[in-house]
Amino acid sequence: MVDPLTARIVLALVALVALVLFYLGTYRPTRARYALWWCLGLVGTGASTAAYSFNGTELQGILNPVGNVLAVGGTGFVWFATRAIRGQRPAWPVLGGLMAAVAIATILGNPAADEWAGAGVLIAAMLACLVLAAREVWLLLKERPHTGVPDSHDGSRVALLSLYAASVVFGAWYTARLIGYLALGPDDPRLEEWFGTFTTSVILAIILLIATFGMSELATYELTRELRFKASYDYLTGLLTRSEFLARAEQRRVRRSGSRILIVADLDHFKELNDALGHAAGDRALLAFGAVCRQAVEGIGIAGRIGGEEFAILLDTDQMDSARKVAARISETYGDGAPVRLGRATVSYGATSVAAGEDLETAMLRADDALYEAKRAGRDRFEVGEAAVE
């Protein structure tokens, strides 16, 4: 079996390599707060392992308590990293209390003569940090439920699952270690054989690699999320872009059979509004309409901005009367609350039924024709285009 010193050196090297790779590949590009805490967690793990390497020497009495405090600090920083992902602040009073308790217990346990001095308090403190970290990741998983919609870009759930697994496995190991310590006592040779340096170092090295992968994957996801958002959502209204609207409409068509109602909406007299009051006024009108649309279709469909002042809505219904009511609700809310207007702010609509399996672009052309008919008939109208023959 590998001697304890060699195991500690290997663990310290693993922590150092993970730290360098994570710092250069993840923290520097993102500057994420949770990535910084993870770096500090790796520093604490590596530094505590280096301190333990002096067990059996004249420096054991000084560096063993330092190693215990650093070990708790490193695990606490892992907890802080999971809190930072959720936007929570570091819980310094809790971690400071744990580190102080470990320091006192170790010093009172005569660390110069016993390298297991304060081990019971140390293991309990590290277990508490791991349980708290696992809780934070579990809350994150609940806050980001799996929708069932395939998304090749979303690595956040895989990352969180790996972090959760690492926290649970390592927490289980420290639970077993605490039970072993309490049941066997520090003088029993089986304690070192079963729960000592070698086994702990191997398990910790594996957990570090798994958790560092999870943190890196999560950081990559967060780094690209803003870019994906900009590609998927209109910068002004917050509605889907044309390409994203068509893509999500296709996803809904695949997941659910049956006809749907497609509505194309256009803000009336928008050019005149821009000419009379300026583009800032037009932007406020678009922003107001986008907010009304999002609220009106929530839970019953999707909406996107497909042109300058033109919008598309896909409703999960095949009832045209229901679509008319949605459009009427949008017009009423928008007309009452639009911040700027020439006269009364109105909207024209063209709608059509989209048959199951029908190409959405074809249906959109049909809805566009109905929209132009509404414009020709005097605007502020809801016209229905002829449905495709199934």
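To start, this report covers the structure provided alongside it. (Residues numbered from 1 in each chain as written. Predicted model: local features only at pLDDT ≥ 70, side-chain atom pairs only at ≥ 80, totals over all residues. Heavy atoms only, no water.)

### Structural notes on the overall build of the protein chain
Across its full length, the protein chain carries 13 helices and five strands. For 390 residues, the compact-globule formula gives about 21 Å, and the C-alpha radius of gyration of the protein chain, at 30 Å, lies well above that figure. Within the protein chain, contacts between residues separated by at least 24 positions form 71% of all contacts whose residues are at least 6 apart in sequence. In the structure as shown, the protein chain presents an accessible area of about 19,000 Å², 60% of it carried by carbon and sulfur atoms. (Helix = DSSP H or I, 4+ residues; strand = E, 2+ residues; numbered from the N terminus. Rg over C-alpha atoms; globule rule 2.2 N^0.38 Å. Contact = heavy atoms within 4.5 Å. Areas by Shrake-Rupley, 256 points an atom, 1.4 Å probe, with all protein chains shown as cover.)

### Examining the layout of surface pockets
Counted as a void, the second largest pocket has a volume near 160 Å³. Residue lining of the second largest pocket: 15 residues in total, with Ala249, Glu250, Arg253, Glu358 and Leu360 positioned closest to the centre. Ranked by residue count, the leading element in the lining of the second largest pocket is helix 9 (residues 242-255), at four residues. Partitioning the lining of the second largest pocket into residue classes produces seven nonpolar, two polar and six charged. (1 Å grid on protein atoms, 1.4 Å probe; cavity = no way out; pocket = protein on both sides within 12 Å on 5 of 7 lines; lining within 4 Å. Points joined across faces, edges and corners; volume = space filled by probe spheres on them. Nonpolar A, V, L, I, M, F, W, Y, C, P; charged D, E, K, R; others polar.)

### A word on a nonpolar patch on the surface
A grouping of Leu5, Ile9, Leu13, Leu16, Val20, Tyr23 and Leu24 is seen on the molecular surface, where their side chains present a nonpolar patch of about 610 Å² in accessible area. Residue position: tyrosine 23 is located in helix 1 (residues 4-30). Exposure remark for tyrosine 23: the relative accessible area of 35% places this residue in the partly exposed category. (Patch = residues over 30% accessible without salt bridge, like charges linked within 9 Å, V, L, I, M, F, W, Y side chains within 5 Å. Salt bridge = Lys/Arg side-chain N within 4 Å of Asp/Glu carboxyl O. Buried < 20%, exposed > 50% of the residue type's maximum accessible area, 1.4 Å probe, protein only.)

### Considerations on the packing of helix 9 against helix 13 (residues 360-376)
Relative orientation of the contacting elements helix 9 and helix 13 amounts to 115°, with a least axis distance of 11 Å. Contact residues: helix 9 offers Arg242, Phe245, Leu246 and Ala249, while helix 13 offers Leu360, Glu361 and Met364. Here the contact of helix 9 with helix 13 is built from residues that sort into five nonpolar, no polar and two charged. (Axes fitted to C-alpha atoms, helices over the stretch in contact; angles between N-to-C directions.)

### Some points on the sheet that holds strand 2 (residues 301-305)
In sheet architecture, strand pairing relies on hydrogen bonds along the backbone and comes in two forms, parallel and antiparallel. Spatial strand order, 2-3-1-4-5: five strands in an open sheet with mixed pairing. The strands lining the two open edges of the sheet, one partner per strand, are strand 2 and strand 5 (382-384). Taking the axes of each pair of neighbouring strands and ignoring which way they run, one obtains an average angle of 20° across the sheet. Bridging between strand 1 (residues 260-267) and strand 3 (residues 310-315) involves six bridges; their strand directions are antiparallel. Among the inter-strand pairings, aspartate 266 is bridged to a residue of strand 3, identified as glutamate 310. With respect to the sheet, helix 13 is in contact with strand 1, strand 3, strand 4 (347-354) and strand 5, its orientation differing from that of strand 4 by roughly 145°. (Pairing = 2+ DSSP bridges.)

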